[in-house]
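A look at the structure
One letter stands for each residue in the lines below.
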Amino acid sequence: MGRPDRFASAALAVVVALVAIACADGPLTGGSVANDEPVAPERAAAVDRPAVEVPSGGDLLRFLDPGAAPSTDLGRLRAQHLPVWTSDFDWAFPPEACATAWELDGIAEPTAGADIAVMGDFVTAAALTVMRYEHQLSRALADPSPLAQLCVATATVEPARTDDLTVLASYLATGTRRSAPAAYPDEVWIVAVSPTAAVSVACVTPGYPSVVSAAGETLAPAQSPTRLQAYLLAVSRGLEDQVADISYRVSNASHRPAEDCGELDAWALEWDGHVQTWIGEGQIWEPLGAILTADEICESPPPDGPDECPKDWPR
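Nothing here was measured: the structure is a model prediction, and the numbers come from that model.

**As for the overall build of the protein chain**
When helices and strands are tallied, the protein chain shows 8 helices and 11 strands. Here the protein chain, with 315 residues, has 51% of them falling under the buried criterion. Counting every atom, the protein chain has about 14,000 Å² of accessible surface; 55% of that belongs to carbon and sulfur.

Here it is as structure tokens:
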């Protein structure tokens, strides 16, 4: 089993076209980022810990948690983005703490001028991004902890990062959690791509799980069995080491309750309509219509990467 042939050739044509468009905007070398602000890398004490990139400048850093007391550059970077502080942020490495792909930094920012070809098969990368986002967020809300904020951050950039971390912070403050365990959609539709973004849709089950207190009391009942979700994925650059790691991250999301996943076709058509509107406004988008399942990703990983199987993620 593998990705359908009709999508493989189309995806190749799209990536060639998008790379050409991106290269026309400025010089690129491998996975480097054009026109980024200078950064001052500083290696952490241990060899196996990230060498953090902190933007240069003399401004005082503003930590979201007033009680934050980071002792490393890595912690200071994270304290600017994660609202509930834990000393684990001084050293926690996302692949170990969150079971994510080794190349994913915890904190990333959208970037322009990146060569999306460095992600390998960008269709697979987009599908994995959606699955990872749902998995990390649902896992964090089912078992809230300060460290779980880092795991949510591995899958998001602004404004989705702030939105989701605000919800998680409220769970931490009130001792509440979702009743359903971590989950991800088994199938993702990649509707369209641009040089710096992608639009994907999926049907997520359970849709809106019930919320319970620390004592197990139901505080909010489940709202619907399934949820139709649309995702804007931004080409992003990781900030936590010296390598210019380029990946997709969820930058925005839109959702709707649904009775079952039979409504996904109509949902995909609706978002294809939005893409056509953007094209009419002069934006650069290429409709794609590719569909990937977790089985296909696990059984037939693309030879040029990424090589990751959602079935290996912790539940």
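Structure's up, so let's keep going.
**Things to note about the environment of leucine 232**
Along the chain, the position of leucine 232 falls in strand S9 (residues 226-238). Looking at leucine 232, the relative accessible area reads 30%, which means it is partly exposed. In this structure, the C-alpha to C-alpha distance between leucine 232 and arginine 249, residues 17 residues apart in sequence, is 8.4 Å. Residue contacts for leucine 232: discarding those within four places in its chain leaves Ala197, Ala198, Val199, Arg249, Val250, Ser251, Asn252 and Trp285.

**Describing the sheet that holds strand S8 (residues 218-220)**
Strand pairing in a sheet is mediated by backbone hydrogen bonds. Such pairs are either parallel or antiparallel. The 3 strands are arranged S4-S7-S8 in an open sheet whose pairing can be described as antiparallel. The strands lining the two open edges of the sheet, one partner per strand, are strand S4 (177-178) and S8. Two elements, strand S7 (residues 211-212) and S8, share 2 bridges in a ladder whose sense is antiparallel. If you follow valine 211 over to S8, its bridge partner there is alanine 220.

**Quick word on the pattern of salt bridges**
Summed over all chains, the structure comprises 8 salt bridges. Across the salt bridge formed by arginine 161 and glutamate 158, the nearest N and O atoms sit 3.2 Å from each other. Judged by its relative accessible area of 30%, glutamate 158 is partly exposed. Put simply, Glu109, Glu158 and Arg161 are held in one network by salt bridges that share partners.

**Focus on the nonpolar core**
Counting 57 residues, the largest nonpolar core has Ile190, Tyr231, Leu233 and Tyr248 as the members making the most contacts within it. Considering each element in turn, this core owes the most residues, 12 residues, to helix H4 (residues 122-142). Filtering out sequence-adjacent residues up to four positions away, tyrosine 248 remains in contact with Met119, Phe122, Ala125, Ala126, Thr129, Val193, Ala197, Ala198, Leu233, Ala234 and Val235. Cys203, Leu228, Ala230 and Ala258 belong to the second-largest nonpolar core, a separate cluster that totals 16 residues.

**Here's the deal with the packing of H4 against helix H6 (residues 160-174)**
Contact pair H4 / H6: the axes reach a minimum separation of 10 Å and the direction vectors enclose 20°. Judged by the angle between their axes, H4 and H6 are roughly parallel. Where H4 crosses over H6, the two elements pack in a sense that is left-handed. Residues Tyr133, Leu137, Ala140 and Leu141 of H4 form the contact with H6, whose participating residues are Asp164, Val167, Leu168 and Tyr171. Looking at side-chain class alone, the contact of H4 with H6 contains 7 nonpolar, no polar and 1 charged residues.

Rules and cut-offs
- Residues numbered from 1 in each chain as written.
- Predicted model: local features only at pLDDT ≥ 70, side-chain atom pairs only at ≥ 80, totals over all residues.
- Heavy atoms only, no water.
- Helix = DSSP H or I, 4+ residues; strand = E, 2+ residues; numbered from the N terminus.
- Buried < 20%, exposed > 50% of the residue type's maximum accessible area, 1.4 Å probe, protein only.
- Areas by Shrake-Rupley, 256 points an atom, 1.4 Å probe, with all protein chains shown as cover.
- Contact = heavy atoms within 4.5 Å.
- Pairing = 2+ DSSP bridges.
- Salt bridge = Lys/Arg side-chain N within 4 Å of Asp/Glu carboxyl O.
- Core = buried A, V, L, I, M, F, W, Y, C linked by side-chain atoms within 4.5 Å.
- Axes fitted to C-alpha atoms, helices over the stretch in contact; angles between N-to-C directions.
- Parallel < 35°, antiparallel > 145°, perpendicular 65-115°, else oblique.
- Left-handed = near helix turned anticlockwise from the far one by under 90°.
- Nonpolar A, V, L, I, M, F, W, Y, C, P; charged D, E, K, R; others polar.

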